[in-house]
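# Residue-level structure breakdown
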Amino acid sequence: MSETTTTSATDGTLLARARTALWQAVSAGDETAATRAVFAALDDGAAAEHVLLEVIAAVQNRVGEEWAAGRLTVAREHAATAIHERVIAAMAHRAPAPPPGSAGAVTVACVDGEWHALPARLLAEVLRHRGHRVDFLGAHVPTPHLIAHLHQTAPAVLALSSSLPTRLPAAHTAITAVQAIGIPVLVGGAAFGADGRHARLLGADAWAPDARAAVDVLGRGLPRPSPGAARLTVDDLPHLGDQEYTLVMRDRRVLVRDTLTALEERLPAMRAYTGAQRERTAEDIAHIVDFLAAALYTDDDRLFTDFLLWTGDVLEARRVPARFLDPALAAMTEHLKDFPRSLALIARGRAALRARDPRPPVPGPASHA
C-alpha cells in the first residue's frame, strides 16, 4: 500500500524538528543521535517518504551547501553522507513488502564513474515504500556489468542516476546499451539538467526531476523499446563528428600538465606554492578540462560557464582569488588553437567570468563537486 505524500501542519512541525536534530547530529558526526532523530520522527507518525525526502535529503543538501561555502571540510561532508546512508539502511527494514501483483521490478543504479549514490538510494527507498520491487545496485556500475545484470534480472525499467555532468558520456553509453536489450531507461539527477535537457539530448525514455516525479512517471508506465543494435553516438549527437571531444579526452593529461606549466609562467607567485597547493591547482585545472569536454560532448556552453561561475564562488568562499581562472583558460587556448568549438566555449567562459559579481553569494552545493 502506498503512503500518502500530503504533509499536514502537524507533520510539518514534526519534520522541522527532525531536520534540526539530524543536522546537529551529522554536524557532530554522531551516528547514534542521527538514527535516534530519524526514528523518533517515524515513531511519532511521520511517513517514511517524508522523512527520506524532507528530512534526510534536506539535511544532505545543507551539508553540500556548507561544504561549498567552506564551512564544512571534505572529511566531515563524507562522514555526514555516510551517516545518512546508514540511517537509510536502517529505515529500509521498515519498508513494507511489495504486495502481490505489484508493478514490475525497477533496477536503480548510478552511471559508470558516478560515486554520488545517495540520490539513487533515496529514490530506491521511496519506490519501495510506494510498493515497487526494487533492485538497488549502488554507485559506479560499469556499463558492461550493468547490461549483464539486466540480462539476468529482466526488470521493467532501469532508473539511472548521475549527479556530475562529466559522467554524461558514460550515461549516454548506458542508455543506448540498455535500450538495445529492450529495457526502457528513466534518468534523473543533477547531471541531466534542472529541466531534463540532457536526458532528452541523450535519448532517455523518460526523465524525472525528483523521486516523487519518478514515481509518477513509473505509474504511467514506460513502453519497452524494440531490442536491436545500440545506436551510434554520432546518430544522437552529430556535432561529435568534429572529433573535438575525443581529442580533448585523449590529450587530457597533457592539456592539464601544459596548462599548469603555462600558469606558473603567467603567475610568478605560483612558483612559491607548496606541493599540496600545486596539487590542488592541478586538480582544479583537471576539473575545468573535464567540464570543457562534457560541454563539447553535449554542445551545451551553459554546462561549462555555469561550472566556471560556481568554481569562482567556491574559490572566493575559501579566500582564493577567482581571477586564477582566467589565465588558466587563456593558457588552454594555446593548446587548443586548432579546436574551434573548444575555443568558442573558452571565450564564452572567460566572458562569463568577467561579468561575474566580484562579491558573489555563498555558493550552493550544485552538482559540480
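How each quantity is defined
- Residues numbered from 1 in each chain as written.
- Predicted model: local features only at pLDDT ≥ 70, side-chain atom pairs only at ≥ 80, totals over all residues.
- Heavy atoms only, no water.
- Helix = DSSP H or I, 4+ residues; strand = E, 2+ residues; numbered from the N terminus.
- Rg over C-alpha atoms; globule rule 2.2 N^0.38 Å.
- Buried < 20%, exposed > 50% of the residue type's maximum accessible area, 1.4 Å probe, protein only.
- Areas by Shrake-Rupley, 256 points an atom, 1.4 Å probe, with all protein chains shown as cover.
- Lys, Arg positive; Asp, Glu negative; His and termini not counted.
- Charge placed at Lys NZ, Arg CZ, Asp CG, Glu CD.
- Pairing = 2+ DSSP bridges.
- Contact = heavy atoms within 4.5 Å.
- Axes fitted to C-alpha atoms, helices over the stretch in contact; angles between N-to-C directions.
- Polar contact = N/O pair within 3.5 Å; in protein donor to acceptor, adjacent residues only side chain to side chain.
- Parallel < 35°, antiparallel > 145°, perpendicular 65-115°, else oblique.
- Left-handed = near helix turned anticlockwise from the far one by under 90°.
- Nonpolar A, V, L, I, M, F, W, Y, C, P; charged D, E, K, R; others polar.
- Phe/Tyr/Trp six-rings, centres within 6.5 Å; stacked < 30°, edge-to-face > 60°.
- Salt bridge = Lys/Arg side-chain N within 4 Å of Asp/Glu carboxyl O.

Glancing now at the overall build of the protein chain. When its secondary structure is counted, the protein chain shows 16 helices and five strands. Against the globule reference of 21 Å for 369 residues, the protein chain gives a C-alpha radius of gyration of 22 Å, in line with a compact fold. Considering only C-alpha atoms, the protein chain reaches an extent of 65 × 50 × 30 Å along its principal axes. Across the 369 residues that make up the protein chain, the buried fraction comes to 50%. When the accessible area of the protein chain is evaluated, it comes to approximately 16,900 Å², of which 54% is carbon and sulfur surface. Distance from the positive charge centre (38 side chains) to the negative charge centre (42 side chains) of the protein chain: 3 Å.

On to the sheet that holds strand E2 (residues 134-138), then. Strand order in this open sheet of five strands is E2-E1-E3-E4-E5, and the pairing throughout is parallel. Two strands close off the open sheet at either side, each with one partner strand: E2 and strand E5 (206-207). Looking at chain direction, strand E4 (residues 185-188) and E5 are connected through two bridges and run parallel. Of the residues in E5, the one forming a bridge with Leu186 is Ala206. Set on the sheet, helix H6 (residues 143-153) makes contact with strand E1 (106-110), E2 and strand E3 (157-161); between it and E2 the angle comes to about 165°.

Its place among the elements puts Arg212 in helix H9 (residues 211-220). For Arg212, a relative accessible area of 23% corresponds to the partly exposed category. Taking the C-alpha atoms as reference points, Arg212 and His129, separated by 83 residues in sequence, lie 11 Å from one another. A distance of 2.6 Å separates a polar atom in the side chain of Arg212 from a polar atom in the side chain of Glu49.

Our next topic: the packing of helix H2 (residues 31-43) against helix H4 (residues 74-92). Following both chains from N to C, one finds H2 and H4 inclined at 40°, their axes separated by 10 Å at the closest point. In terms of axis orientation, H2 runs oblique to H4. Regarding H2 and H4, the two cross each other, and that crossing is right-handed. The residues of H4 that touch H2, namely those facing Glu31, Ala34, Thr35, Val38, Phe39 and Leu42, are Ile83, Arg86, Val87, Ala90 and Met91. By residue class, the composition of the contact of H2 with H4 is eight nonpolar, one polar and two charged.

Taken as a whole and assessed by the stated rule, the structure comprises four aromatic pairs. Members of the aromatic cluster, joined through ring pairs, are Trp67, Phe291, Phe307 and Trp310.

Per the counting criterion, the structure on display carries 21 salt bridges. One salt bridge in this structure joins Arg86 and Glu31, with 2.7 Å as the shortest N-O distance. Of this pair, Arg86 sits in helix H4 while Glu31 sits in helix H2, placing them 55 residues apart in sequence. Looking at Glu31, the relative accessible area reads 29%, which means it is partly exposed. One connected set of salt bridges, linked through shared partners, spans Glu49, Glu54, Arg130 and Arg212.

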